[in-house]
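Residue-level structure breakdown
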Amino acid sequence: MLPLFDIRVTLRSDGCRMKIADALEARFGETFSRVPRLFRAPGRVNLIGEHTDYNDGFALPAAIDLAVWTAAAPRADRRLHMHSLAMGETFEFDLDAAPAPAANWSDYVRGVALMLERAGYRSEGADLMIDGDLPMGAGLSASAALEVSVAYALTRIAGLDVDRLELAKLCQRAENEFVGARCGVMDQYASCFGVAGRLLLLDCRTLRSKPIPLPASARLVVCDSTARHRIADGEYNRRREECERAVALLSKHIDGIAALRDVTREQLERREGDLPEIVFRRARHVVGENERTLRAAAALEVGDLAECGRLMDLSHASLRDDYEVSCSELDLLARIARGLRGVHGARMMGGGFGGCVICLVEAEAAERVAASLRKSYGEAIGATPSAFCCFPAPGAGPVET
Ligand code: GLA
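Every value quoted in this text rests on a predicted model; they were computed, and no experiment measured them. (Residues numbered from 1 in each chain as written. Predicted model: local features only at pLDDT ≥ 70, side-chain atom pairs only at ≥ 80, totals over all residues. Heavy atoms only, no water.)

**Some words on the overall build of the chain**
In terms of regular secondary structure, the chain is built from 11 helices and 13 strands. Taking 21 Å as the expected radius of gyration for a compact globule of 401 residues, we find that the chain reaches 21 Å, a close match to that expectation. The burial tally for the chain puts 58% of its 401 residues in the buried class. Between the mean site of the 50 positive side-chain charges and the mean site of the 57 negative ones, the chain shows a separation of 2 Å. (Helix = DSSP H or I, 4+ residues; strand = E, 2+ residues; numbered from the N terminus. Rg over C-alpha atoms; globule rule 2.2 N^0.38 Å. Buried < 20%, exposed > 50% of the residue type's maximum accessible area, 1.4 Å probe, protein only. Lys, Arg positive; Asp, Glu negative; His and termini not counted. Charge placed at Lys NZ, Arg CZ, Asp CG, Glu CD.)

Below is the structure:
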């Protein structure tokens, strides 16, 4: 994860959002003497379905009301000039020269510009100014939000109408092929396709999603563990390889499997002896997590928060014990959360080795739970973590001011 933003997040209101837009527009005007167009792309939470996206499986994310904003205006040449208000940094490059990674936040922008070009979407040069209220490295997908907001900006100011799914896939490709992180498509998809008040039951094979309403009696509370373990990227890529190995070994015995999505729990258990122990446990996580995700979505649809919470707790245990992507801070935070009144379930979220825990909480208890997490977990680690309510929000697009 490259440094992006480091802003302490509290509950954001519409007022705050307009402040970002106004400030960005004003600063853009001062810097470039032009009126920009504004684009916003949200971060995401994921209720359940972790490390399933690159296995063609199921996930249950939602876009949230925290976002990356890009102010943009076309240039007459083919240069891309970008400034991040949060980082106080400016970078510039020529769209006609093959960009090389610079190992900082600008790589997400360079990668998106390059993938658009490679896909045949020739954009003009642009001046970009970027701001946001998503914390970095917290598992809320600030990098995907940056990619998507820039992709919207570059295509729209060039008059190119690229559909949302294609944009999401191009942004994923920027991260895979340019930044060098082999992420799945969940984050970019959620940022593009978010629906207010809904989670998205995402089928990562068909790339179709079904909106699942978050019951009115429920809230999503997210707490940042503040842990950021450096091994995350390497371990993420290793998990992908282990899943690929599981598929290669299982397909010697089971016909027609292209991904772990195609394997049932019974099939896997029958083949336990044919897989190395670690590979078996990785596969057991993915196969079980797909089942849990479908069951959690069904439980939410009938308002069964207790069942959904139970499945989230199981998801955490599986990520900790079988997939081994948790860490002591996430385990502690999830355990503290589960002990609070009004919490149905709690689990680590995102790639792992740090970042946030997400809790499914009774609506009336949400603010109290967030405050208790700040206090109890904060005392345990000797810091003040941010904990806040997230609301499923609409996906990315232009912003009219
Ligand atoms: C990161 C990746 C996603 C997904 C999650 C784990 O957030 O970017 O594609 O794999 O980890 O579910």
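**Looking at the packing of aromatic side chains**
Summed over the entire model, instances satisfying the criterion amount to 4 aromatic pairs. Here the aromatic rings of F28 and F32 are separated by 4.6 Å at their centres, their planes lie at 50°, and the arrangement is tilted. Of the two residues, F28 and F32 both sit in helix α1 (residues 14-32), 4 residues apart, roughly one turn of that helix. Accessibility expressed as a relative area gives 15% for F32, which makes it buried. Seen in terms of ring centroids, Y189 and F193 are 4.3 Å apart; in terms of plane orientation they differ by 15°. Their pairing is stacked. Here the residue Y189 and the residue F193 both occupy positions in helix α5 (residues 186-193), the gap between them amounting to 4 residues, near one helical turn. Side by side, Y189 and F193 carry an identical accessibility label, which is buried. For the cation-ring pair, R239 lies above Y323, with the distance from its terminal atom to the ring centre recorded as 6.0 Å. (Phe/Tyr/Trp six-rings, centres within 6.5 Å; stacked < 30°, edge-to-face > 60°. Lys NZ or Arg CZ within 6 Å of the ring centre and 35° of its normal.)

**Topic: unusual backbone geometry**
Non-glycine residue S141 carries a positive phi angle of around 65°. Position of S141 relative to the elements: it lies in the loop between β6 (126-132) and α3 (142-157). Although it is not a glycine, E324 adopts a positive phi angle of roughly 55°. Tracing the backbone through its elements, the reader meets E324 in the loop between α9 (305-321) and α10 (328-338).

**As for the environment of R281**
Among the secondary structure elements, R281 is positioned in helix α8 (residues 277-301). Here R281 falls in the buried class, since its relative accessible area comes to 14%. For the pair R281 and D321, spaced 40 residues apart in the sequence, the C-alpha separation amounts to 8.4 Å. Apart from residues lying up to four places away in sequence, R281 is in contact with D321, D322 and E324. Here E324 takes part through its side chain, which lies 3.3 Å from a polar atom of the side chain of R281. (Contact = heavy atoms within 4.5 Å. Polar contact = N/O pair within 3.5 Å; in protein donor to acceptor, adjacent residues only side chain to side chain.)

**Some details on the pairing of strand β9 (residues 218-228)**
In terms of residue burial, β9 counts as a mostly covered element, since 8 of its 11 residues are buried. Looking at chain direction, β9 and strand β11 (residues 354-362) are connected through 8 bridges and run antiparallel. If you follow D224 over to β11, its bridge partner there is C356. Summarising the sheet, β9 and strand β12 (residues 387-390) pair through 4 bridges and their orientation is antiparallel. (Pairing = 2+ DSSP bridges.)

**Here's the deal with the sheet that holds strand β7 (residues 198-203)**
Strand order in the open sheet made by the 3 strands is β2-β7-β8, with antiparallel pairing throughout. With one partner strand each, in any of the chains shown, β2 (58-59) and β8 (208-213) form the two edges of the open sheet. Across 6 bridges, β7 lies against β8 in antiparallel orientation. The residue bridging L199 from the neighbouring strand is I212, located in β8.

**Looking at the domain arrangement of the chain**
Each assigned domain of the chain is listed with its residue range as follows: domain 1 (14-214 + 393-399) and domain 2 (218-390). Measuring from the centre of the C-alpha atoms in domain 1 to the corresponding centre in domain 2 gives 25 Å. Taken together, the contact pairs 36 residues of domain 1 with 47 residues of domain 2. When the two sides are added together, the surface that domain 1 and domain 2 hide from each other amounts to roughly 3,400 Å², 63% of it contributed by carbon and sulfur. Along the contact surface separating domain 1 from domain 2 lie 5 salt bridges. E50 is the partner of R347 in a salt bridge, and the nearest nitrogen-oxygen pair spans 2.5 Å. Remark: the boundary between domain 1 and domain 2 carries 22 residue pairs in polar contact (both at pLDDT 80 or more). Among the elements of the structure, β1 (37-46), β2, β3 (61-74), β7 and β8 are those that each provide at least two residues to the side of domain 1 that touches domain 2. Split by residue class, the side of domain 1 that touches domain 2 holds 17 nonpolar, 10 polar and 9 charged. (Domains from an automatic or database assignment. Buried area = accessible area lost by both parts, 1.4 Å probe. Salt bridge = Lys/Arg side-chain N within 4 Å of Asp/Glu carboxyl O. Nonpolar A, V, L, I, M, F, W, Y, C, P; charged D, E, K, R; others polar.)

**Structural notes on the pattern of salt bridges**
Counted according to the given criterion, the structure contains 34 salt bridges. Between R310 and E307 there is a salt bridge, with its nearest N and O atoms 2.9 Å apart. Of the two residues, R310 and E307 are both situated in helix α9; the distance of 3 residues between them amounts to about one turn of the helix. Through salt bridges with shared partners, a single network forms among E235, R238, R239, E242, E277, R281, R282 and E324.

**Quick look at the environment of R122**
The topology assignment puts R122 in the loop between α2 (106-118) and β6. Linking R122 and D77, residues 45 residues apart in sequence, is a C-alpha distance of 13 Å.

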